[in-house]
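Fold and contact review
Chain by chain, the residues run as shown.
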Amino acid sequence: MTISYNWLCEYLPVKITPEKLAVILTSLGLEVENFEPFEEIKGGLKGLIVGEVLQVDKHPNADKLRLTRVDTGDGNVLQIVCGAPNVASGQKVVVAPVGATIYPATGSPVTMKTAKIRGIESYGMICAEDEIGLGNDHNGILILRNDALPGTSAASYFQLQSDWIYEIGLTPNRMDAMSHLGVAKDVCAYLSVHEKNDTPVKYPYTENFEADQQRSAFTVKIENNNACERYSGVLIKNVTIAESPQWLKQRIKSIGLRPISNIVDITNFILHETGQPLHAFDADHIADNTIIVKNLPEGTAFITLDEKERKLNADDLMICDGNGKPMCFGGVFGGLNSGVTSKTKNIFLESAWFNPVTIRKTSFRHNLRTDAAARFEKGVDISNTVTVLKRAAMLIKELSGGTIASTITDLYPNPKEKKQVVLAYSYLKKLSGKNYHPETVKKILTLSGFEIVRDNIDELCVAVPFSKPDIELPADIVEEVMRIDGYDNVTIPTRITISPAVETIAYPAALKEKIAQHLAANGFNEIFTNSITNSAYFDEATLRTSVKMLNSLSAGLNIMRPSMLETGLECVAHNINHKNNNLRLFEFGKTYHTRGVAQYEEKEKLCLYISGLTHAATWKGGDQKSDLYYLKGIVESILKAAGLMSHQFQPADLPRLQSGLCVNLQNEQVVTLGLADASVLNQFDIKQPVWYASIDWNTLCIHAEKQKPGYTEISKFPAVQRDLAIVVDKQTPYEKVEQSLKQAAIGKLQSVSLFDVFESDKLGKEKKSFAISLTFIDKEKTLTDNEIDGLMQKIIQGFEQDLAAEIRK
């Protein structure tokens, strides 16, 4: 929410410094996120002055240049070389003397210096409007009115506005503060409480509204009373569409809007002044002088102001003419042929209350996020439609020369009753931690627009103003009291008591921290990628079970990711493009899938991305490239860190991955890993291999939590190591060796490791050799050679039977 300091001060009876106002707003819960000076024109024309051209001569060394003498009103006459074709004696002009900085409409700022131009010294510049940011015309210098006084600052001549702009971080419930008047009400209430003086708001509304013609010119019908509970309007004739006056354009510009015309600017001004959206129709385009508020059949075509044809939903609330032709999305966006144009002479001005749910759905359904919709969907003040309409009508009459050609039309078939909320003083103390005096509470609430319905020693019953639609509970009243009292004044207790809670996700959170630290210690960096991604990355089979965005942020962000491979590869590509080629990354995130109609599933994942070198070359050795074995080792270390010691890697045919492996635990697939397919890497223009692993985090946590922690006493007796080399078929994986050892069930075998793989024709055709190291230990005694020989013989027999292995002598 953008607030102008100058604009806000119009409604405050006392002047507050910008710095103090920022402190007050934050204390009120209207957190000031940014606070900076505003310049209507960049640079504010500082240093530029009005000058009078006294003399114009031809430049002795250039046909297209002129040598001028300019009176700048300070007793000095400046010699300035000028190339403008329209410069002439007697003109009043804008001069940038030496030392002044100009800010062109395009390009960088330029600071004036004494310069020699074709041999003649020039002490400044006579400016064109585009050279100082006042416009885009560069056909010649800017010529001012004859009444301009030499020496007057250009900023004063053009009446430029100097202002301060506040960016306020509003919470979604604070509709009452989505306008300058709404903020002013809070500030005045705060000042009245803290400075002990009544500080009433200076409302812009007047009681002098009077229609020039006492008749009802338009008929209004509301067919959907739930979506439109109140509709007010007035006819204004013979308006002149023109440029807005300076003060109105300055107000509009200060909050980041672009002035368009007096009528449009007034509706925007009223919106940001009061929080009530208005809509101006070209009355001559409204058939039968009739407004009908209704829903139209599904699929009805409607061309909006942006010249796009949209198909209506049956729930869209439309403002139609007497023929039932749609003119406007009620409270959201206007139609192409019913709005105000430069040819408009008569307007029908609308001020209404629309149902927030209806407005929000229509706004998102058609991707029309407007200022009006943002306010209607939070709930505007239903009691204020006519008051605001009168304010706008009087402004239009003043600034466009029109006449108010009808009385106010106001349809309010079912007037609302104010909500009543009962606040117990004991509850106020419990929730706020502060013992408020009842009179202070009543004063604060009265200043905030509440009505005291009932008051007794224990509790207070108040009627909630329509401008605060979020107030429903006693806790909301407590918030109002604490806001106006100031959050800075909340008492900090000397003693805090809390009730212990049982943490239901303690184990997964602790395990996540443990694994993250483990990966970081192994040289990995954690990344966070967007869970919304591009559907173009995926094939049709994947998209059939994907979660599509109904209101996507852009064409490239239109789907909830069904896989984390693609979003991770975006990060990999970004790093590679910035010459960071050696990557070890991990991410905890979620994937999203559909299960039937309107059923969705989120799966939490831990994913690893490895590319480039795992170790750079040193004097001790060369580069070590990442490969499947490195990735497999990291995954194995994660499983062991989670307490899952018993697992096997199995070959798997995985989509979008080559050399795929998986790990299953009790018939549940927990881990998949492999090399990202070249077709996937090409989508991201990645030229180097990327190894990827995906771990089903929820399933891993379930299995890991079942593991009972334990310990084994270190044996007092020495371990014995034996090496063994076996020759097997070339296609035999090492996994078969491990399985054979497991089947042998040798309790005294503590560990086994592979330390060499050798292939040679000397071993035989299609043969290879595994060299393994076996470690034996007995916790009860020292093993003898005979016992170890017996164990080795049993292992050898198992290899011969299971693998048809030969023992290398």
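Structure first, text after, so check above.
Below, the structure is looked at part by part. Sequence positions are assigned chain by chain, starting from 1 and proceeding in written order. Only residues with pLDDT of at least 70 get local features here, since the model is predicted, and only at 80 or more are side-chain atom pairs given and counted; chain-wide, interface and lining totals rely on the full set of residues. Calculated side-chain values reflect all of the structure's heavy atoms, with hydrogen atoms and water omitted.

The next subject is the overall build of the protein chain. Helix and strand definitions here come from DSSP, where helices need a minimum of 4 consecutive H or I residues and strands a minimum of 2 consecutive E residues; each element is numbered from the N-terminal end. For the protein chain, the count of helices and strands is 20 helices and 43 strands. Once the C-alpha set of the protein chain is aligned to its principal axes, its extents read approximately 120 × 90 × 65 Å. Partitioning the intrachain contacts of the protein chain with sequence separation of at least 6 by distance along the chain shows that 69% fall at a separation of at least 24. Residues scored as positive are Lys and Arg, those scored as negative are Asp and Glu, and His as well as the terminal groups of each chain are ignored. A charged residue contributes its charge at one atom only: NZ of Lys, CZ of Arg, CG of Asp or CD of Glu. Charge-centre separation for the protein chain: the mean point of 87 positive side chains lies 2 Å from the mean point of 98 negative side chains. Any two residues whose heavy atoms approach within 4.5 Å are treated as being in contact.

The next point concerns the sheet that holds strand E26 (residues 451-455). Taken together, three strands build an open sheet; the order of strands is E25-E27-E26 and the sheet is antiparallel. The sheet is open, and its two edges are formed by strand E25 (420-424) and E26, each paired on a single side. Across the sheet, the mean angle separating the axes of adjacent strands is 25° when strand polarity is ignored. Two elements, E25 and strand E27 (residues 459-463), share five bridges in a ladder whose sense is antiparallel. Bridge pairing links Val 422 to Cys 461 in E27. This element, helix H10 (residues 425-432), spans E25, E26 and E27 of the sheet and lies at about 75° to E25. Helix H11 (residues 438-447) contacts E25, E26 and E27 of the sheet and is inclined by roughly 5° relative to E27. Here, any two strands with at least 2 DSSP bridges between them count as paired. Note on definitions: angles span 0 to 180 degrees between N-to-C directions of axes, and those axes are lines fitted to C-alpha atoms, for helices only across the stretch in contact.

Just to be clear on terms, a salt bridge is a Lys or Arg side-chain nitrogen sitting within 4 Å of an Asp or Glu carboxyl oxygen. Overall, the coordinates contain 38 salt bridges when judged by the stated rule. For Glu 243, the salt bridge goes to Lys 249, with nearest N and O atoms at 2.2 Å. Via salt bridges that share partners, Arg 174, Asp 176, Asp 186, Lys 468, Glu 480 and Arg 483 belong to a single interconnected network.

Among buried residues, those of type Ala, Val, Leu, Ile, Met, Phe, Trp, Tyr and Cys that are joined through side-chain atoms within 4.5 Å constitute a nonpolar core. Using a 1.4 Å probe on the protein chains alone, a residue whose accessible area is under 20% of its type maximum counts as buried, one over 50% counts as exposed, and one in between counts as partly exposed. Ranked by size, the top nonpolar core spans 69 residues in total, and within it Leu 25, Tyr 166, Val 187 and Val 441 carry the most contacts. In terms of residues, this core owes the most to one element, helix H4 (residues 180-194), which gives nine residues. Core analysis: the second largest hydrophobic core is formed by 41 residues, Ile 222, Met 327, Leu 368 and Ile 382 among them.

We now examine the packing of aromatic side chains. Any aromatic ring pair is given by two values, namely how distant the centres are and how the planes are angled relative to each other. Aromatic pairs are defined between Phe, Tyr and Trp rings, using the six-membered ring for Trp, whenever the two ring centres lie within 6.5 Å; interplanar angles under 30 degrees are classed as stacked, those over 60 as edge-to-face, and all others as tilted. Scanning the entire structure with this criterion turns up 15 aromatic pairs. Centre to centre, the rings of Tyr 537 and Phe 684 are 4.8 Å apart; their planes meet at 45°, and the pair counts as tilted. Within this pair, whereas Tyr 537 is found in the loop between strand E29 (532-533) and helix H14 (540-543), its partner Phe 684 is found in the loop between helix H17 (678-683) and strand E39 (690-696), the two being separated by 147 residues in sequence. Side by side, Tyr 537 and Phe 684 carry an identical accessibility label, which is buried.

Any two packed helices are characterised by the angle at which their axes cross and by the distance between the axes. As a packed pair, helix H13 (residues 506-521) and helix H16 (residues 628-641) sit with axes 10 Å apart at the nearest point and diverge in direction by 145°. As for how H13 packs across H16, the hand of that crossing is right-handed. Every residue of H16 that contacts H13 at Lys 514, Ile 515, His 518 and Leu 519 is listed here: Ile 634, Ser 637, Ile 638 and Ala 641. Basically, the charged four are Asp, Glu, Lys and Arg, the nonpolar ten are Ala, Val, Leu, Ile, Met, Phe, Trp, Tyr, Cys and Pro, and anything else, Gly included, counts as polar. Grouping the constituent residues of the contact of H13 with H16 by class yields five nonpolar, two polar and one charged. Left-handed is the label given to a crossing in which the near helix is rotated counterclockwise from the far helix by less than a right angle, and right-handed is the label when the rotation is clockwise.

On to helix H7 (residues 356-365). Taken together, the buried positions of H7 are Pro 356, Thr 358, Ile 359, Thr 362 and Ser 363. One side of H7 carries all its buried residues, which in axial view fall inside an arc of 160°. Close packing links the buried residues of H7 with strand E19 (317-320), strand E20 (326-329), strand E22 (347-354) and helix H8 (371-376). Structurally, the start of H7 carries an N-cap: the backbone nitrogen of Val 357 is 2.9 Å from a side-chain oxygen of Asn 355. Arc, as used here, means the arc of the directions from the helix axis to the C-beta atoms. Throughout this description, a polar contact denotes any pair of N or O atoms lying within 3.5 Å of each other; where both atoms belong to protein, one of them has to be capable of donating a hydrogen while the other can accept it, and for residues adjacent in sequence the pair is counted only when both atoms sit in side chains.

You can see Ser 626 is positioned in the loop between strand E35 (624-625) and H16. Here Gly 612 takes part through its backbone oxygen, which lies 2.9 Å from a polar atom of the side chain of Ser 626. Not counting residues within four places of it along the chain, the set of residues in contact with Ser 626 comprises Ile 610, Ser 611, Gly 612, Leu 613, Thr 614 and Trp 691.

It is worth spelling out H11 at this point. All buried positions along H11 are accounted for by Val 441, Lys 442, Ile 444 and Leu 445. The buried residues of H11 occupy an angular sector of 165° when projected down its axis, which confines them to one face. Turning to H11, the residues buried within the fold contact H4, E25, H10, E26, E27 and helix H12 (474-485). Downstream of H11 by a residue or two, Gly 449 has a phi angle that is positive, lying close to 100°.

Read from one edge to the other, the open sheet built from five strands follows the order E13-E16-E19-E20-E21, with strand pairing classed as mixed. Every other strand in the sheet has two partners, leaving strand E13 (219-222) and strand E21 (333-334) as the edge strands with one partner each. Judged from the two bridges that link them, E20 and E21 form a sheet pairing that is antiparallel. Bridge pairing in E21 places Phe 329 opposite Phe 333.

Taken N-terminus to C-terminus, the directions of H4 and H11 make an angle of 155°; their axes are 9 Å apart at the nearest point. As summarised for this structure, H4 and H11 are arranged roughly antiparallel, according to the angle between their axes. In this structure, H4 crosses over H11, and the sense of that crossing is right-handed. Between H4, through Ala 189, Ser 192 and Val 193, and H11, the contact on the second element is made entirely by Lys 443, Ile 444 and Leu 447. Here the residues of the contact of H4 with H11 sort into four nonpolar, one polar and one charged. What sets the label is the angle itself: under 35 degrees gives roughly parallel, over 145 gives roughly antiparallel, 65 to 115 gives roughly perpendicular, and the rest give oblique.

What follows is about unusual backbone geometry. Even without being a glycine, Asn 238 presents a positive backbone phi close to 60°. Relative to the helices and strands, Asn 238 resides in the loop between strand E14 (228-237) and helix H5 (246-254). Phi is positive for Arg 656, which is not a glycine, with a value near 70°. Examined against the element boundaries, Arg 656 turns out to sit in the loop between strand E36 (649-651) and strand E37 (657-665).

Within the secondary structure, Ser 261 sits in the loop between H5 and helix H6 (262-274). Sequence-distant contacts of Ser 261, defined by excluding residues within four places in its chain, comprise Ile 241, Ala 242 and Ser 244.

Turning our eyes to something else, we now look at the state of the cysteines. Sulfur atoms of two cysteines make up a disulfide when they are within 2.5 Å. Throughout the structure, instances matching the rule amount to zero disulfides. Take Cys 571: it sits in no disulfide, and the sulfur closest to it among the cysteines is that of Cys 607, at 13 Å.

Before going further, it helps to spend a moment on the environment of Ile 24. Position of Ile 24 among the secondary structure elements: in helix H2 (residues 18-27). Separated by 167 residues in sequence, Ile 24 and Leu 191 place their C-alpha atoms 8.8 Å apart. Apart from residues lying up to four places away in sequence, Ile 24 is in contact with Ile 16, Tyr 190 and Leu 191.

Assignment of secondary structure puts Lys 311 in strand E18 (residues 309-311). Judged by relative accessible area, Lys 311 falls into the exposed class, the value being 51%. Placed 297 residues apart in sequence, Lys 311 and Leu 608 show a C-alpha to C-alpha distance of 45 Å. Non-local contacts of Lys 311, meaning those with residues more than four positions away in its chain, are made with Gly 299, Thr 300, Ala 301 and His 366. Within the structure, Lys 311 has its side chain in polar contact with the side chain of Glu 309 (distance 3.4 Å).

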